[in-house]
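Given next are the chains, with one letter for each unit.
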Amino acid sequence: MNIYKTLPTIVIAGRANVGKSTFFNRIAENVRSMTYDVPGVTRDIVTDIVSWHGHLFRLIDTGGLSSTKGKSELEQEIKNRALKALQDADCTLFMIDGLVGILPEDREIAKLLRHMRAPVFLLVNKTDCAVAHEYMHEGATLGFPVFGISAAHGRGVDDLMQAIIHKIEVPVSSKSMTTPTGYRVAVIGKPNVGKSSLMNQLLQKDRTIVSEMAGSTREAISDTVTVYQQTLTLTDTPGMRRKRGVTEPLEQLMVKSALRAIDAAHVVLLVVDASHGTLSDQELKLAFYAFEEKHKSLIVVYNKQDLVSDEEVALREQQRSLYRQLLDKVATITVSCTTGKNIGKLTSLIHTVWERSGQRFSDVELTTFFNEQLTHKPLFKSGRSLEFYRAHQIKVAPITIKLVVGYPPHWERTQLNFFDNQLRTRYNLKGVAVVFVV
């Protein structure tokens, strides 16, 4: 049984732009919720497993509980997800803005929370400003225990957390309740290619908001699933457009969130809309960034395959040869998030690529193999024969190999690519990054 499913859940709720995400970031240890001074930045729920002075619990940040009367379908979905989180909560932290006091919208939310089963703590945020203290007494009229805090500066947070731990009896973490072991997978791509749909298919639940409107995912959203008895942490990321098209500060934050997810991942899924034909320049740059620069294992997932005919597939395979140097090294698969086609195969492929990235080679095996290749095809630089002495693997995920050679400056990308290609020919390293240290 996954012991993390039994942890008490603390949900942060309130109307938009009162400081919920700032508070989440102060408490959370592994996940960052995006903060920006405009309403509605957080759309989906953001969750993390937190240990506060040894007490372990699940913390959830939600989108604003604003009235959705006359609002869009997406805004209704944001509210529905927040309500679902509240229904499953063991404790609710209801936050209001201490600079403006209680608004009619806050009173509507308070009325809603009174009908929930979980105990509610009212947080009057921004009490580092004198005016906020005037609203502490007003907050008491809502009928909840009141705590004055500053999410930005941490004021009052310790007292609040102690009260929560006492109220809902948050368990003390044991040796069996530590950070989940396993590996991390980031789902990346351009806007509206099906990343969130793929995330939901892999998790087999409706975890992230899916909308035909591009950019509905604004921050990295993570959840876990067990694959072949290992915990796999999946992270859905905001869509990344071409750099020159990213001008708004909020979208710049979204791109940074996606790049952080790539940095933290072991395996990256680059989702591509198969109905668009060949990979765009932006998608090739994302592939190069993840595989060649960050040395992450990479799977290119061609989604919406149900929209492409067999004849188009054959034509695009020819066009894809233009990018063969990169695509020959990475793993590829075609899926349909609409019909679920090949989702099971993708899960298996993710596990296979992860296993490949953990391969270890002995020094004798590597040294003998590379010497054999150089016997068949010696390498030269500036008319000088390159000398190779031995190889030693120093790391996995990515596979990292140290080469001891004569005159290292002559061992440039062309020479290292020769070793990389020979290694991939001998061993099945599809989708796995290989790094050489001279």
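Since the structure is predicted, the reported quantities are computational estimates derived from the model, not experimental observations.

S.K.: Tell me what's going on with helix α11 (residues 343–357), and back it up with residues and numbers.
M.R.: The end-to-end C-alpha separation of α11 is 21 Å, in line with the 21 Å expected for 15 residues at 1.5 Å each. Turning to α11, its buried residues are Ile343, Leu346, Leu349, Ile350, His351, Val353, Trp354, Arg356 and Ser357.

S.K.: For the nonpolar core, give the residues involved together with the corresponding values.
M.R.: Counting residues in hydrophobic clusters, the biggest one holds 50 residues, and the most contacted among them are Leu198, Leu269, Ile299, Leu346, Phe370 and Leu403. Per element, the largest residue contribution to this core is 6 residues, and it comes from α11. Beyond its immediate chain neighbours, meaning those up to four positions away, Ile299 contacts Val267, Val268, Leu269, Leu270, Ala331, Ile333, Leu346, Leu349, Ile350 and Val353. Listed in part, the 28 residues of the second largest apolar core include Val18, Phe23, Leu160 and Ile164.

S.K.: Could you give me a rundown of the packing of helix α1 (residues 20–27) against helix α5 (residues 157–168), with the residues and numbers involved?
M.R.: Two numbers describe how α1 lies on α5: the axes approach to 12 Å, and their chain directions differ by 80°. Between α1 and α5, the angle is such that the two are roughly perpendicular. Contact residues: α1 offers Phe23, Arg26 and Ile27, while α5 offers Val157, Leu160 and Met161.

S.K.: Report on the environment of Thr339, specifying residues and quantitative values.
M.R.: Within the secondary structure, Thr339 sits in the loop between β12 (331–334) and α11. A distance of 3.3 Å separates a polar side-chain atom of Thr339 from the backbone nitrogen of Lys341.

S.K.: Give a description of unusual backbone geometry that names residues and reports values.
M.R.: In this structure, the amide linkage connecting Ala397 to the following residue, Pro398, adopts the cis form with an omega of 5°. Tracing the sequence through the fold places Pro398 in the loop between β15 (387–395) and β16 (399–406). Phi is positive for Lys126, which is not a glycine, with a value near 70°. Within the secondary structure, Lys126 is located in the loop between β5 (120–125) and α4 (134–140). A residue is classified by how much of its surface remains accessible, and Lys126, at 24% relative accessible area, is partly exposed. Unusually for a residue other than glycine, Tyr407 sits at a positive phi of about 55°. For Tyr407, the position within the fold is in the loop between β16 and α13 (413–426).

S.K.: Talk me through the confidence of the model for the chain; I want residue IDs and the actual numbers.
M.R.: Mean pLDDT over the chain stands at 82; residues scoring 70 or higher make up 80%. Between residues 34–41, whose pLDDT stays under 50, and residues either more than four places distant or in other chains, the model counts 27 contacts.

S.K.: Talk me through the packing of helix α6 (residues 195–203) against α11; I want residue IDs and the actual numbers.
M.R.: Interhelical geometry of α6 versus α11 gives an angle of 85° and a closest axis separation of 10 Å. For the element pair α6 / α11, the angle class is roughly perpendicular. Residue-level inspection shows Leu198, Gln201 and Leu202 of α6 in contact with α11, the latter providing Ile343, Leu346, Thr347 and Ile350. In terms of residue class, the contact of α6 with α11 is made up of 5 nonpolar, 2 polar and no charged.

S.K.: Residue-level account of a nonpolar patch on the surface, with values.
M.R.: Where nonpolar side chains cluster on the molecular surface, the patch consists of Leu99, Val100, Leu103 and Val131 and spans about 260 Å² of accessible area. By secondary structure assignment, the location of Val131 is in the loop between β5 and α4.

S.K.: Pulling in residues and values, what's your account of the sheet that holds strand β2 (residues 46–52)?
M.R.: Strand order in the open sheet formed by 6 strands is β2-β3-β1-β4-β5-β6, with mixed pairing between adjacent strands. One side of each edge strand has no neighbouring strand; the edge strands of this open sheet are β2 and β6 (146–148). The sheet shows a mean angle of 25° between the axes of neighbouring strands, taken without regard to direction. Where α1 meets the sheet, its contacts fall on β1 (9–13), β2, β3 (55–61), β4 (91–97) and β5, and the angle it forms with β3 comes to roughly 155°. Against the sheet, helix α3 (residues 104–113) touches β4 and β5, its axis set at about 170° to β4.

S.K.: Please provide a residue-by-residue account of the packing of aromatic side chains, values included.
M.R.: For the structure on display, the rule yields 13 aromatic pairs. A centroid spacing of 6.1 Å and a plane angle of 70° characterise the contact between Phe369 and Tyr427, whose relative ring orientation is edge-to-face. Taken together, the residues span a long stretch of sequence, with Phe369 in helix α12 (residues 363–376) and Tyr427 in the loop between α13 and β17 (434–437) at a distance of 58 residues. Note on accessibility: Phe369 and Tyr427 belong to one class, buried.

Rules used in this analysis
Residues numbered from 1 in each chain as written. Predicted model: local features only at pLDDT ≥ 70, side-chain atom pairs only at ≥ 80, totals over all residues. Heavy atoms only, no water. Helix = DSSP H or I, 4+ residues; strand = E, 2+ residues; numbered from the N terminus. Expected span 1.5 Å × (residues − 1). Buried < 20%, exposed > 50% of the residue type's maximum accessible area, 1.4 Å probe, protein only. Core = buried A, V, L, I, M, F, W, Y, C linked by side-chain atoms within 4.5 Å. Contact = heavy atoms within 4.5 Å. Axes fitted to C-alpha atoms, helices over the stretch in contact; angles between N-to-C directions. Parallel < 35°, antiparallel > 145°, perpendicular 65-115°, else oblique. Polar contact = N/O pair within 3.5 Å; in protein donor to acceptor, adjacent residues only side chain to side chain. pLDDT = per-residue confidence, 0-100. Nonpolar A, V, L, I, M, F, W, Y, C, P; charged D, E, K, R; others polar. Patch = residues over 30% accessible without salt bridge, like charges linked within 9 Å, V, L, I, M, F, W, Y side chains within 5 Å. Areas by Shrake-Rupley, 256 points an atom, 1.4 Å probe, with all protein chains shown as cover. Salt bridge = Lys/Arg side-chain N within 4 Å of Asp/Glu carboxyl O. Pairing = 2+ DSSP bridges. Phe/Tyr/Trp six-rings, centres within 6.5 Å; stacked < 30°, edge-to-face > 60°.

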